[in-house]
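Spelled out, the chains give:
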Amino acid sequence: MPDSLDQLNARLLAFARERDWEQFHSPKNLAMALAGEAGELLEHFQWLTEQQSAELSAEKKRQVAHELADILNYLVRLAERLDIDLLAAADEKIAINAARYPADKVRGDARRASEYGDEDGRRDGSV
């Protein structure tokens, strides 16, 4: 049985084909649509405090869920068009981040990877 991303991809592909929209779903257009939807998601959190952002009303949460769904749908379509396995890419990226941010060195500290290291800012002791 295909995983849920494969099932979603199949539904999205059928949806686009039924409407003859694949012609518009170039990687460039999908990436732009994805960025636009991410902006719409941000609008829901703009000007909220940290606490308010964590305590959304049921209606606001539903609106945020719809923006997240739009982002996911465009992401899945973009991956399909570029023949990228999102789950494999996510696994690879988690492994990269685990190496960049060793838990014993970064626990509780949110600096960027380049900011960890010895006194003069070098992470691995290189010159």
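Residues numbered from 1 in each chain as written. Predicted model: local features only at pLDDT ≥ 70, side-chain atom pairs only at ≥ 80, totals over all residues. Heavy atoms only, no water.

1. With respect to the side chain of E37
Alright, step 1. By the element assignment, E37 lies in helix α2 (residues 27–45).
Alright, step 2. R62 provides the closest opposite charge to the buried, unpaired E37, separated from it by 13 Å.
Alright, step 3. Beyond its immediate chain neighbours, meaning those up to four positions away, E37 contacts E67, D70, I71 and Y74. (Helix = DSSP H or I, 4+ residues; strand = E, 2+ residues; numbered from the N terminus. Buried < 20%, exposed > 50% of the residue type's maximum accessible area, 1.4 Å probe, protein only. Lys, Arg positive; Asp, Glu negative; His and termini not counted. Salt bridge = Lys/Arg side-chain N within 4 Å of Asp/Glu carboxyl O. Contact = heavy atoms within 4.5 Å.)

2. Some details on the environment of E22
Alright, step 1. Checked against the element boundaries, E22 lands in the loop between α1 (4–18) and α2.
Alright, step 2. Separated by 55 residues in the primary sequence, E22 and R77 place their C-alpha atoms 9.8 Å from one another.
Alright, step 3. The residues contacting E22, other than those within four sequence positions of it, are L13, A16, R17, R77 and R81.
Alright, step 4. A polar side-chain atom of E22 sits 2.9 Å from a polar atom in the side chain of R17. (Polar contact = N/O pair within 3.5 Å; in protein donor to acceptor, adjacent residues only side chain to side chain.)

3. Looking at the environment of L72
Alright, step 1. On the secondary structure map, L72 appears in helix α4 (residues 58–82).
Alright, step 2. Overall, the relative accessible area of 37% leaves L72 in the partly exposed class.
Alright, step 3. The spatial distance from the C-alpha of L72 to the C-alpha of L34 is 8.4 Å, given a sequence separation of 38 residues.
Alright, step 4. Look past the residues within four positions of L72 in its chain and what remains in contact with it is L5 and L8.

4. Examining the side chain of E67
Alright, step 1. Relative to the helices and strands, E67 resides in helix α4.
Alright, step 2. Apart from the residues lying within four places of it in its own chain, the contact partners of E67 are E37, E40, L41 and H44.

5. Comments concerning the pattern of salt bridges
Note on pairing: side chains with opposite charge can pair once their charged atoms come close.
Alright, step 1. Enumeration according to the criterion identifies six salt bridges in this entry.
Alright, step 2. E22 is the partner of R81 in a salt bridge, and the nearest nitrogen-oxygen pair spans 3.9 Å. Separated by 59 residues along the polypeptide, R81 in helix α4 and E22 in the loop between α1 and α2 bring together distant segments of the chain.
Alright, step 3. Among the salt bridges present, the one from D109 reaches R111, with a minimum N-O distance of 2.7 Å.
Alright, step 4. For R111, a relative accessible area of 39% puts it in the partly exposed group.
Alright, step 5. One network of salt bridges, in which partners are shared, links R17, E22 and R81.

6. Considerations on the nonpolar core
Alright, step 1. Grouped together as the largest cluster of nonpolar side chains are six residues: L30, L34, L41, V64, I71 and L78.
Alright, step 2. Taken together, the elements giving at least two residues each to this core come down to α2 and α4.
Alright, step 3. Every residue in contact with V64, bar those within four places of it in the chain, is listed here: L41, H44, F45 and L56. (Core = buried A, V, L, I, M, F, W, Y, C linked by side-chain atoms within 4.5 Å.)

7. Concerning the packing of aromatic side chains
Geometry of an aromatic ring pair is reported as the spacing of the ring centres plus the angle between the planes.
Alright, step 1. Going through the model one piece at a time under the given rule, you end up with two aromatic pairs.
Alright, step 2. Relative to W21, the ring of F15 has its centre 5.7 Å away and its plane inclined at 70 degrees; by these criteria the two rings are edge-to-face.
Alright, step 3. Under the relative-accessibility criterion, W21 is labelled partly exposed at 37%.
Alright, step 4. Here Y101 and Y116 contribute two aromatic rings whose centre-to-centre distance is 6.3 Å and whose plane-to-plane angle is 90 degrees, an arrangement assigned as edge-to-face. With Y101 in the loop between α5 (86–100) and α6 (103–106) and Y116 in the segment after α6, this residue pair connects regions lying 15 residues apart in the sequence.
Alright, step 5. Above the plane of the ring of F15 lies R19, whose end atom (NZ or CZ) is 3.5 Å from the centre. (Phe/Tyr/Trp six-rings, centres within 6.5 Å; stacked < 30°, edge-to-face > 60°. Lys NZ or Arg CZ within 6 Å of the ring centre and 35° of its normal.)

Purely spatial values, then, with no claim about function.
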